[in-house]
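The residues making up each chain are set out below.
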Amino acid sequence: QVQLVESGGGLVQPGGSLTLSCTASGKIGRIATMGWFRQGPGKERELVAKITRGLTTSYADSAKGRFTISRDNTNHTIVLRMDSLGPEDTDVYYCFSNLRAADASEYSDYWGQGTQVTISS
């Protein structure tokens, strides 16, 4: 089965940095888009950042200038570097990918289990 494996969440003080990683494992054919969403209690899920196979990036307005997303197509991995973190960034962060499995003819959406990011002093 295709899985998205996330790592890098944790606790950091305001103004600090964290790096999140997500790797698509299994028999992968081609990945079109990968990115990160976040959601807290009582909040709607929102896109934080995404990157296409052609390395086109998109960011939420709140993330612009602070977060940077990158992609390694060979290893099916994305990395999100988050700087200047504040309490408003506290959320569960979910990795997302639109990809085609090696034995599939169509692209499908996949989600990671989520990793907690907490910014607190």
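Placed above this text is the structure.
Residues numbered from 1 in each chain as written. Predicted model: local features only at pLDDT ≥ 70, side-chain atom pairs only at ≥ 80, totals over all residues. Heavy atoms only, no water.

## Remarks on the packing of aromatic side chains
All chains considered together, the criterion is met by 3 aromatic pairs. Aromatic side chains Phe 37 and Phe 96 sit 5.7 Å apart centroid to centroid with 80° between the ring planes, which places their arrangement in the edge-to-face category. Of this pair, Phe 37 sits in strand E4 (residues 28–39) while Phe 96 sits in strand E9 (residues 91–101); the two residues are 59 residues apart in sequence, bridging distant segments of the chain. The burial state of Phe 37 is the same as that of Phe 96; both residues are buried. Of the aromatic side chains, those joined through ring pairs into one cluster are Phe 37, Phe 96 and Trp 111. Positioned above the aromatic ring of Phe 37, the side-chain terminus of Arg 45 is 5.1 Å from the ring centre. (Phe/Tyr/Trp six-rings, centres within 6.5 Å; stacked < 30°, edge-to-face > 60°. Helix = DSSP H or I, 4+ residues; strand = E, 2+ residues; numbered from the N terminus. Buried < 20%, exposed > 50% of the residue type's maximum accessible area, 1.4 Å probe, protein only. Lys NZ or Arg CZ within 6 Å of the ring centre and 35° of its normal.)

## What about the state of the cysteines?
Under the criterion given, the structure shown has 1 disulfide. What pairs with Cys 22 in a disulfide is Cys 95, and their sulfur atoms sit 2.0 Å apart. The S-S bond linking Cys 22 to Cys 95 shows a torsion near -90°; that makes this disulfide left-handed. With Cys 22 in strand E3 (residues 18–25) and Cys 95 in strand E9, this pair connects stretches of sequence that are 73 residues apart. Taken as a pair, Cys 22 and Cys 95 share a single burial class, namely buried. (Disulfide = S-S within 2.5 Å.)

## Points about unusual backbone geometry
Of note, Leu 55 is a non-glycine position whose phi angle comes to about 75°, a positive value. Despite not being glycine, His 76 shows a phi value in the positive range, around 55°. If you trace the backbone, His 76 turns up in the loop between strand E7 (67–72) and strand E8 (77–82).

## Examining the sheet that holds strand E1 (residues 3–7)
Ordered in space as E1-E3-E8-E7, the 4 strands form an open sheet in which the pairing is antiparallel. In this open sheet, the two edge strands, each paired with only one partner strand, are E1 and E7. Strand after strand, the sheet turns through a mean of 15° between neighbouring axes, direction not considered. Sheet analysis places E1 next to E3, joined by 5 bridges and oriented antiparallel. Looking at E3, one finds that Leu 4 is bridged to Ala 24. (Pairing = 2+ DSSP bridges. Axes fitted to C-alpha atoms, helices over the stretch in contact; angles between N-to-C directions.)

## Here's the deal with the environment of Gly 15
Structurally, Gly 15 is set in the loop between strand E2 (10–12) and E3. Gly 15 sits in the exposed class, given a relative accessible area of 55%. Sequence separation of Gly 15 and Phe 96 is 81 residues, and the distance between their C-alpha atoms is 26 Å. Those residues within four positions of Gly 15 in sequence are excluded, and the remaining contacts are Ser 84 and Leu 85. (Contact = heavy atoms within 4.5 Å.)

Scope: geometric values only; no functional claims are made or implied.
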